[in-house]
Protein chains: 2
Amino acid sequence: MHIAIDAAGGDFAPRNIIDGALVAARHGGFGLTLVGHRPAIEAELARHGDAGPVDVRFVDAADVVGVAEPPAAAIRRKPQASVRQAAEVVARGDAAAFFSAGNTGAALLAAHAAFGLLSGVERPALATAIPTRRGSAVLLDAGANVECRPRHLVQFAAMGCVYARLSLGVSRPRVGLLSIGEEATKGNELTRDAHRRLRDSGLDFIGNIEARDIFSGQADVIVCDGFTGNVALKVSEGLVEMVEALLRDELNRTFTTRFGFLLSSRAFRRFRRRVDYSEVGGAPLLGVAGLCVVGHGCSSVKAVRNAVVLAYRFANQRFVERVAGEIAALSGAARPGSVKGSSG
Amino acid sequence: MHIAIDAAGGDFAPRNIIDGALVAARHGGFGLTLVGHRPAIEAELARHGDAGPVDVRFVDAADVVGVAEPPAAAIRRKPQASVRQAAEVVARGDAAAFFSAGNTGAALLAAHAAFGLLSGVERPALATAIPTRRGSAVLLDAGANVECRPRHLVQFAAMGCVYARLSLGVSRPRVGLLSIGEEATKGNELTRDAHRRLRDSGLDFIGNIEARDIFSGQADVIVCDGFTGNVALKVSEGLVEMVEALLRDELNRTFTTRFGFLLSSRAFRRFRRRVDYSEVGGAPLLGVAGLCVVGHGCSSVKAVRNAVVLAYRFANQRFVERVAGEIAALSGAARPGSVKGSSG
C-alpha cells in the first residue's frame, strides 16, 4: 500500500514533511508516493541514508498552492499543483490516501474534485480529534463549510461516529450538538432544527452540549458548522499557547519557582502531550469518496508522522467504505458509489 | 450613588451576592439597594455586623427567575421577579446600575424592557473582558444575540470601543472582527459583509482576527455574533478547567513533581489570577439606555465584588452616555434619547 504525500505543501516543506512521512512509512511498512518538485525532494531524501527500506515513488509536480492563496482560484489555475497531483494519484488507485500540510482549503477542494462526494453526502466535513478529560473526542466540521444546513450536521454526526469507532475505539459513540445552552430550544436557527433531526436520526444523540463541555468527555462526537468548529478549535490552540507562555513567565520569576518548575518538568511534558494537537497531527476529510488527511501548515515532524500513520490506518480499516455505509444506513439511500484509491 | 443588586439570582444567592456587594460598597463608598425576598436578605445581613457603614435600602421582590427557566416566558410571567424589580429601580432613577448573577437571559430582557435601547442601536450586546498576553481585551457579543446582521457588528464595535477606553485605558482601541481567516474574503456571509462595513466605519479596524489570536493582544475590541462569542468564551473556560485538572493530575503523580508543584504554587496562583474570569466578574450589557452588569451563576464573592465595582465605576464614568455618543457619531443619528438611572 502507498500513501501519497504532498511534499511541497506546508511552512516547513519539504523537510518536515519528508522526515515525518519516512518515519511513519518505515514503522508502518508501507510505501510513499512523494509529490512535488522532484529535485527538491531528491535533495531532501539525500539527507536520509535510511530511506532505503521504504518503497518510494515520485510524482513530479511543478507547482504549489501557497498558504495565503485563495484556494478556489489557485486550484483552478494550477493543474500541476502538488496537492492536486497528490489527489489524482489516489483517484487513479495508485495510492490509498493522500496527506497535505499545505493550504487546507486547496487540499479539500482537490480531494473533492478528484474523488467526488459519497452518495447521500451533500457536504464533506473536516474531523479533528480533541483531547478530553477522559481521552479524546472528535469535533466536526472543523472548517470545511462555513455555512451549513441542519441536515448537513446530521450527516456530519453519522460520519463522525465512524471516526470515533475506528480511531477512538468507542463502540457506540455519543453524539453531542455544540450549542450555547443545553435545552433543545437554545441556540440559533441551525442548531434548533439540527437538534430535532439528530433526535430522530437513530444515532446515540445526547443533546446539545455547551462549548465549556467539549473537553469533558460527555460526547464522543461533537457536531457544529465549520465556522463555529474552526473558532472553537483555534480558540483552544490560542489559549493553550497563552497559558503556556504565562505559566512560563510566572515560573521563571524567582529561584524557588524555577526550581519547582524543574522538578515538575516531567509532569509538564506529560501534560503537554495530553493537550497536544500534534499527537494526532491530521484531520481527515469525511464524505468524499477517497481518503484525504490534512495537517497544520506548521506541522512538526512528529505531527506529520502521526498524520501519515492515521492516513495509513484509516486506509487499512477501509474507512471511506464504512463512512459510505453509515451514510447509506442514515438516509436509507441506494448503494454508495465506488470508492477511489481503495485498491492502492 | 446606589447600585441595585439582584440578591436572589445566582447559584449561591443570597450569600455570595450580599457578601461581595457589601465588600465593594464599603470600599467604594456607595450605597446598595438589595432586591429580593426581604427576610432572606435580612437574615444574611445579620451575619455581617459590618454592613453598618454601607447605606443599604431594600426592595422586596417575592419571585425569582430560575437559572434553567426559559427567560422570555419567566420575565413575562413574573413581574415580581427580583431581576425585573432591580431593573425597575434603575429605570426609576433610584439606582445608577443593577447587577445580577441570575439567569443571564432574564437579566438582559429585564434591562431591555426597563431601559429601552439607545437611539441608533438595534441590538444590545454583552461585553466580556478576556485576558491577553499584553493585558485584556473586550469581546462582544458574548451571547445576547444568537443571530446578527452585519450592521449590528459595527454597532457592537463602536460600543466595545467605549468599554476599552474606560475600562482598559486604551485611547484608540483597535477593533478586530473574529473570523476564520485573516483575509477580508474569509469567513461566512456575516463576517464578509461586516468586514466591508467596519472598514468604512471610521473606527480603528485592523481586519479579521482568527480565533487563535484573540488572546494575543492584537485587538482591543473583538466583535462577533453572540453564538460565536459565547462558544469562544465557553470553550476557553472549559479548556482552562481541563488544563488545570490535567496539570494537577500530572503534578500529583510522584513525590518529586508534587514537591516541585509546592515550590511553584505561588507562580500558579499568579498565573490563575491572570487567566481568571472572576477578576472582572461582570459583563455589561451595551446598547440599552441604562446600566446592567451580569455575572456568572456560580460567581464567587470576589467575582461579585469585582462586578459591582465595575458597575459603580461605569456609572461614575457616565458609561451609557458615552456609548450613546459613540453610536450617534457612528450613525450620524439624531441626539440619543434620555438615559435611565443617571441621576441615581
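This structure is a prediction, so every number in the text was calculated from the model and none was measured.

A few points about the overall build of chain A
Thought 1: Of the regular secondary structure elements, chain A holds 12 helices and 12 strands.
Thought 2: Within chain A, buried positions represent 58% of all 344 residues.
Thought 3: Working note: accessible area of chain A is about 13000 Å², and carbon and sulfur atoms make up 49% of it.

Quick notes on the environment of Asp-193 of chain B
Thought 1: With respect to the element layout, Asp-193 of chain B can be found in helix α7 (residues 189-199).
Thought 2: For the pair Asp-193 of chain B and Pro-150 of chain B, spaced 43 residues apart in sequence, the C-alpha separation works out to 5.9 Å.

Digging into the pairing of strand β4 (residues 97-100) of chain B
Residue and element names in this part refer to chain B.
Thought 1: Neither face of β4 is left uncovered, since the one carrying Ala-97 and Phe-99 and the one carrying Phe-98 and Ser-100 both have all their residues buried.
Thought 2: Inspection of the sheet shows strand β1 (residues 2-6) paired to β4 by 3 bridges, in the parallel sense. Paired with Ile-3 across the bridge in β4 is Ala-97.
Thought 3: Pairing analysis gives 3 bridges linking β4 to strand β12 (residues 292-295), with the strands arranged parallel. Counterpart to Ser-100 in the pairing with β12 is Val-294.

Considering the pattern of salt bridges
Thought 1: By the definition in use, this model includes 34 salt bridges over all chains.
Thought 2: Here Asp-94 of chain B ties to Arg-92 of chain B by a salt bridge, and the two come within 3.3 Å at their closest N and O atoms.
Thought 3: A cluster of three or more residues bridged by salt bridges with shared partners is formed by Arg-15, Asp-19, Glu-44 and Arg-47 of chain A.

Description of the side chain of His-195 of chain B
Thought 1: With respect to the helices and strands, the residue His-195 of chain B is situated in helix α7.
Thought 2: With residues up to four places along the chain from it excluded, the contact list for His-195 of chain B reads Leu-177, Ala-184, Phe-205, Gly-207 and Asn-208 of chain B.

Things to note about the sheet that holds strand β11 (residues 282-286) of chain B
Residues and elements named next belong to chain B.
Thought 1: In spatial order, the strands read β3-β2-β1-β4-β12-β11-β5; together these 7 strands make up an open sheet with mixed pairing. Of all the strands in the sheet, just β3 (56-60) and β5 (125-126) have a single pairing partner and so form its edges.
Thought 2: Bridge count for β11 against β12 is 3 bridges, and the pairing is antiparallel. The residue bridging Gly-282 from the neighbouring strand is Gly-295, located in β12.

Some words on the sheet that holds strand β5 (residues 125-126) of chain A
All names here are of chain A.
Thought 1: One open sheet accounts for 7 strands, arranged β3-β2-β1-β4-β12-β11-β5; its pairing is mixed. Two strands lie at the open edges of the sheet, namely β3 (56-60) and β5, each paired on one side alone.
Thought 2: With respect to the sheet, helix α5 (residues 104-115) is in contact with β4 (97-100), β5, β11 (282-286) and β12 (292-295), its orientation differing from that of β12 by roughly 175°.

Here's the deal with the packing of aromatic side chains
Residues and elements named next belong to chain A.
Thought 1: Counted under the stated rule, the structure contains 8 aromatic pairs over all chains.
Thought 2: For the pair Phe-30 and Tyr-312, a centre-to-centre distance of 4.3 Å together with 20° between the ring planes defines the contact as stacked. Taken together, the positions of Phe-30 in the loop between α1 (15-28) and β2 (31-36) and Tyr-312 in helix α11 (residues 301-316) put the pair 282 residues apart, joining distant regions of the chain.
Thought 3: Given a relative accessible area of 18%, Tyr-312 falls into the buried group.
Thought 4: Taken together, the aromatic side chains of Tyr-163, Phe-314 and Phe-319 make up a single cluster linked through ring pairs.

A few points about helix α6 (residues 150-167) of chain B
Residue and element names in this part refer to chain B.
Thought 1: Between its first and last C-alpha atoms α6 spans 26 Å; for 18 residues at 1.5 Å apiece the expected length is 26 Å, and the two agree.
Thought 2: With respect to burial, α6 is a largely interior element, 15 of its 18 residues being buried.
Thought 3: Just downstream of α6 lies Gly-169, where phi reads positive at about 70°.

Quick look at the nonpolar core
Thought 1: Counting 230 residues, the largest nonpolar core has Phe-98 of chain A together with Phe-98 of chain B as its most contacted members.
Thought 2: Every residue in contact with Phe-98 of chain B, bar those within four places of it in the chain, is listed here: Ala-4, Val-83, Ala-86, Ala-87, Val-90, Ala-107, Ala-111, Phe-115, Leu-291, Cys-292 and Val-293 of chain B.

A look at unusual backbone geometry
Thought 1: Looking along the chain, the bond that leaves Ala-13 of chain A and enters Pro-14 of chain A is cis, with omega of -5°.
Thought 2: With respect to the element layout, Pro-14 of chain A can be found in the loop between β1 (2-6) and α1.
Thought 3: Even without a glycine there, the phi angle at Arg-318 of chain B is positive, about 50°.
Thought 4: With respect to the helices, strands and loops of the structure, Arg-318 of chain B is situated in the loop between α11 (301-316) and α12 (319-331).
Thought 5: The exposure class of Arg-318 of chain B is partly exposed, given its relative accessible area of 43%.

Conventions adopted
- Residues numbered from 1 in each chain as written.
- Chains lettered and ligands numbered in written order.
- Predicted model: local features only at pLDDT ≥ 70, side-chain atom pairs only at ≥ 80, totals over all residues.
- Heavy atoms only, no water.
- Helix = DSSP H or I, 4+ residues; strand = E, 2+ residues; numbered from the N terminus.
- Buried < 20%, exposed > 50% of the residue type's maximum accessible area, 1.4 Å probe, protein only.
- Areas by Shrake-Rupley, 256 points an atom, 1.4 Å probe, with all protein chains shown as cover.
- Pairing = 2+ DSSP bridges.
- Salt bridge = Lys/Arg side-chain N within 4 Å of Asp/Glu carboxyl O.
- Contact = heavy atoms within 4.5 Å.
- Axes fitted to C-alpha atoms, helices over the stretch in contact; angles between N-to-C directions.
- Phe/Tyr/Trp six-rings, centres within 6.5 Å; stacked < 30°, edge-to-face > 60°.
- Expected span 1.5 Å × (residues − 1).
- Core = buried A, V, L, I, M, F, W, Y, C linked by side-chain atoms within 4.5 Å.

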